[in-house]
Amino acid sequence: MYIRLEKIDHTRAKKSFYTLSLNRTLFGEWCVLREWGRIDGKAQRQWRNYVPDPETGMAELERLKKAKQRHGYAVIPEQLGLL
């Protein structure tokens, strides 16, 4: 699962993104990956949190998504690539 959120504040000239994803590692563990930074590509950061099962990971993704939405981020629909 992959979620992208963005926050654009024209008054401060700030454009930020936040991505959340639930991935399985090569060793079979479940990992919630968070990435955030400026949309222009500067100062990106990552954080990984290992969870025991996918249900816990999905609950963590939902909790983080709601927290970011409270801070002004909007969910960006996933876009499909062209052929």
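Presented here is an overview of the structure given in this document. (Residues numbered from 1 in each chain as written. Predicted model: local features only at pLDDT ≥ 70, side-chain atom pairs only at ≥ 80, totals over all residues. Heavy atoms only, no water.)

### Considerations on the pattern of salt bridges
If you walk through the whole model with that rule in mind, you get five salt bridges. For Arg4, the salt bridge goes to Glu6, with nearest N and O atoms at 3.0 Å. Notably, a salt bridge pairs Lys65 with Glu62, separated by 3.6 Å at the nearest N-O pair. Placement of both Lys65 and Glu62 in helix H1 (residues 54-70) is noted, with a separation of three residues, approximately one turn of the helix. (Salt bridge = Lys/Arg side-chain N within 4 Å of Asp/Glu carboxyl O. Helix = DSSP H or I, 4+ residues; strand = E, 2+ residues; numbered from the N terminus.)

### Focus: unusual backbone geometry
Despite not being glycine, Ala13 has its phi angle at roughly 55°, a positive value. Tracing the backbone shows Ala13 in the loop between strand E1 (2-9) and strand E2 (14-24).

### Considering the sheet that holds strand E4 (residues 45-51)
Read across the sheet, five strands follow the order E4-E3-E2-E1-E5 without closing on themselves; strand pairing throughout is antiparallel. Across the chains shown, the open sheet's two edge strands, defined by having one partner strand only, are E4 and strand E5 (74-76). Going from strand to strand, the sheet's axes swing by 25° on average, the running direction of each strand aside. Relative to strand E3 (residues 30-38), E2 runs antiparallel, the two sharing nine bridges. In the sheet register, Thr19 faces E3, and the bridge partner there is Glu35. Against the sheet, H1 contacts E1, E2, E3, E4 and E5, and its axis sits at roughly 170° relative to E2. (Pairing = 2+ DSSP bridges. Axes fitted to C-alpha atoms, helices over the stretch in contact; angles between N-to-C directions. Contact = heavy atoms within 4.5 Å.)

### Things to note about the environment of Gln44
With respect to the helices, strands and loops of the structure, Gln44 is situated in the loop between E3 and E4. On the basis of relative accessibility, which here comes to 53%, the residue Gln44 falls in the exposed class. For the pair Gln44 and Tyr18, spaced 26 residues apart in the sequence, the C-alpha separation amounts to 9.7 Å. Not counting residues up to four positions away in its chain, the partners in contact with Gln44 are Phe17, Trp36 and Gly37. (Buried < 20%, exposed > 50% of the residue type's maximum accessible area, 1.4 Å probe, protein only.)

### A short note on the side chain of Thr19
Relative to the helices and strands, Thr19 is located in strand E2. Residue Thr19 is classed as buried on the basis of its relative accessible area, which comes to 3%. When residues no more than four places from it in sequence are discounted, the contact partners of Thr19 are Tyr2, Ile3, Arg4, Leu33, Arg34 and Glu35.

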